[in-house]
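A closer look at the structure
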Amino acid sequence: MDWQATLPPAEFADKPIIESEEVERCPVCDGSRFHQHAVGFDYESLTCRNPWRFVRCEKCAHVWLNPRPTVANLSIIYPPTYYSYNYTQQVNAIARIGKQWLDSGKMKSIVKRLDRAPRSYLDIGCGDGRFLRTMEKRGIPRDRLYGLELDERVVGSLVAEGYQAYNRRVEDCTEISPGSIDLATMFHVIEHVADPASVVRKIREWLPVGGVLAAETPNVDSLDARKFSERFWGGYHIPRHWNLFSPPTLKKLFEDNGFDVIATSFQTGHSFWMYSYQHSLNFGKRPNKRLARFFNPLKSLAFLMAFTAFDKLRAAMGARTSAMLMLARRRD
Ligand SMILES: [Zn+2]
């Protein structure tokens, strides 16, 4: 069946159809041959009733959304309630403490891989600035702590506190001087951008030779991604994730754009597990909406803790979870 004829679930009846554009070349290797990988709808936010398709490159196996929403429609697929600073208001206190614990472990694992302590730091998609604060505690002054964030309200309050925060996409940012950033992080950002190669090249200019970029992104080659690959994987985040990497394709992206990969580790993909089950229970062959509510990662603490523990254990045993963290060092 033609994927474009896939009918949306009844819940999408009053949602708009938005404009989309074809992406005919692989964003990683520029290959032009691909096949269908998955088809689905915006199961998480129900912003539009378009069916969306992921395709897989026949040359390098990269997965990307094709077609994808046009830039003019970003305000529809990212409603005001979307942004991450809402996280602190939506989840309960215990989940928040758990997240702080995971975040600080993640930052520790990055810093210990560096040859020397960074003297400047940039967080791309910095939200309310929680990682800027973490690095401030490690001794970096606020005038060398940079953040890019698309939510202008949080940028305003970070600037008022003395951080170097800008309401910019990487592609449009002209405020950061070349070579001025020792460490840049990008947690769950690269999968959202239209042209990941040009974003990586732009960040490269901001780093000195030897400077490090750490990127965390969904791993399309993981247990949950395979189990729910046809339609409901939480990591698809349809239609907001435009590029889905695996360890080899992310490595290729870095190496082709002036970086050497120095480490790859796997974090917990608890939210993807929960959304995968939630979408299946809401929209699958045998829907069970009451049960689906228990799989909301913002609300259901018991399942959140169970999936976090499950993935922590799997990562410790060497499994490749659905959240990979890759560190890459700028070549000359
Ligand atoms: Zn490719």
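Scope of this entry: the structure provided in the associated data block. (Residues numbered from 1 in each chain as written. Predicted model: local features only at pLDDT ≥ 70, side-chain atom pairs only at ≥ 80, totals over all residues. Heavy atoms only, no water.)

1. Looking at the sheet that holds strand β2 (residues 34-40)
- Spatially, 4 strands are ordered β2-β3-β4-β11 in an open sheet, and the strand pairing comes out antiparallel. Either end of the sheet is taken by a strand with one partner, and the two such strands are β2 and β11 (243-244).
- Of the strand pairs in this sheet, strand β3 (residues 52-57) and strand β4 (residues 63-65) are connected by 3 bridges, and their pairing is antiparallel. For Val55, the partnering residue across the bridge sits in β4 and is Trp64. (Pairing = 2+ DSSP bridges. Helix = DSSP H or I, 4+ residues; strand = E, 2+ residues; numbered from the N terminus.)

2. Here's the deal with unusual backbone geometry
- A cis amide bond, omega 0 degrees, links Asn66 with the succeeding residue Pro67.
- Of note, Pro67 is situated in the loop between β4 and β5 (68-69).
- With omega at -5 degrees, the peptide bond leading from Ile238 into Pro239 counts as cis.
- In this structure, Pro239 sits in the loop between α7 (223-227) and β11.

3. Notes on the coordination of the zinc ion
- Looking at the zinc ion, the protein donor atoms are Cys26 (SG), Cys29 (SG), Cys57 (SG) and Cys60 (SG), and they sit 2.3 to 2.4 Å from it.
- Of note is the zinc ion, whose 4 donor atoms meet at the metal with angles of 101 to 115 degrees in an arrangement that counts as tetrahedral.
- Sequence spacing of the donors to the zinc ion: C-x2-C-x27-C-x2-C. (Donors = N, O, S within 2.8 Å, 3.2 Å for Na, K, Ca; no water. Tetrahedral: all angles 85-135°; square planar, octahedral: opposite > 155°, others 65-115°.)

4. Details of the packing of aromatic side chains
- This structure, assessed with the given rule, holds 19 aromatic pairs.
- Taking the centre distance of 5.3 Å and the plane angle of 85 degrees together, the rings of Trp233 and Tyr236 count as edge-to-face. Each member of the pair, Trp233 as well as Tyr236, carries the same accessibility label: buried.
- Between Phe254 and Phe259, the aromatic rings sit 5.9 Å apart at their centres with planes inclined by 55 degrees, giving tilted as the arrangement.
- The exposure class assigned to Phe259 is buried, which follows from its relative accessible area of 0%. (Phe/Tyr/Trp six-rings, centres within 6.5 Å; stacked < 30°, edge-to-face > 60°. Buried < 20%, exposed > 50% of the residue type's maximum accessible area, 1.4 Å probe, protein only.)

5. Topic: the sheet that holds strand β7 (residues 145-148)
- As summarised here, the arrangement of the 7 strands in space is β8-β7-β6-β9-β10-β13-β12, forming an open sheet in which the pairing is mixed. In the strand order of this sheet, the two ends are held by β8 (164-166) and β12 (259-267), each with one partner. With strand direction ignored, the average angle separating the axes of adjacent strands in the sheet is 15 degrees.
- Two elements, strand β6 (residues 121-124) and β7, share 4 bridges in a ladder whose sense is parallel. The partner of Tyr121 across the bridge, within β7, is Leu145. (Axes fitted to C-alpha atoms, helices over the stretch in contact; angles between N-to-C directions.)

6. Remarks on the side chain of Ser222
- Looking at where Ser222 falls in the secondary structure, it is placed in the loop between β10 (212-218) and α7.
- The class for Ser222 is buried, based on a relative accessible area of 0%.
- Only 2.9 Å separates the side chain of Ser222 from the backbone oxygen of Asn219, close enough to count as a polar contact.
- Filtering out sequence-adjacent residues up to four positions away, Ser222 remains in contact with Trp233, Arg320, Thr321 and Ser322. (Polar contact = N/O pair within 3.5 Å; in protein donor to acceptor, adjacent residues only side chain to side chain. Contact = heavy atoms within 4.5 Å.)

7. Considering the pattern of salt bridges
- If you walk through the whole model with that rule in mind, you get 22 salt bridges.
- Between Arg153 and Asp151 there is a salt bridge, with the nearest N and O atoms lying 3.4 Å from each other.
- Linking Arg168 and Glu175 is a salt bridge whose minimum nitrogen-to-oxygen distance equals 2.7 Å.
- Judged by its relative accessible area of 31%, Arg168 falls in the partly exposed class.
- Judged by relative accessible area, Glu175 falls into the partly exposed class, the value being 29%.
- One network of salt bridges, with partners in common, ties together Lys99, Asp103 and Arg130. (Salt bridge = Lys/Arg side-chain N within 4 Å of Asp/Glu carboxyl O.)

8. A look at the packing of helix α9 (residues 270-283) against helix α11 (residues 301-316)
- Where α9 meets α11, the axes come as close as 8 Å, and the angle between the chain directions of the two elements is 125 degrees. The angle between the axes of α9 and α11 places the two elements in the oblique class. Regarding α9 and α11, the two cross each other, and that crossing is right-handed. Contact with α9, carried on its side by His270, Trp273, Met274 and Tyr277, involves Phe303, Leu304, Phe307, Thr308, Phe310, Asp311 and Arg314 of α11 and no other residues of that element. (Parallel < 35°, antiparallel > 145°, perpendicular 65-115°, else oblique. Left-handed = near helix turned anticlockwise from the far one by under 90°.)

9. A closer look at the pairing of β7
- Burial along β7 is two-sided: the residues Leu145 and Gly147 and Tyr146 and Leu148 are all buried.
- As paired elements, β7 and β8 share 3 bridges and run parallel to each other. Paired with Gly147 across the bridge in β8 is Ala165.
- Considered for its hand, the β-α-β crossover made up of β7, helix α5 (residues 152-160) and β8 is right-handed. (Right-handed = clockwise from strand over helix to strand, strands pointing away.)

10. Quick word on α11
- Helix length check: α11 (16 residues) gives 22 Å between terminal C-alpha atoms against 22 Å at 1.5 Å per residue, within 8%.
- Among all positions in α11, only Leu304, Phe307, Thr308, Asp311 and Arg314 are buried. Along the long axis of α11, the arc covered by the buried residues comes to 130 degrees, so they all point the same way. The outward face of α11, more than 90 degrees from its buried face, is lined by the exposed residues Ala302, Leu313 and Ala316.
- Positioned one or two residues after α11, Gly318 has a phi angle of 95 degrees, which is positive. (Expected span 1.5 Å × (residues − 1). Arc of directions from axis to C-beta.)

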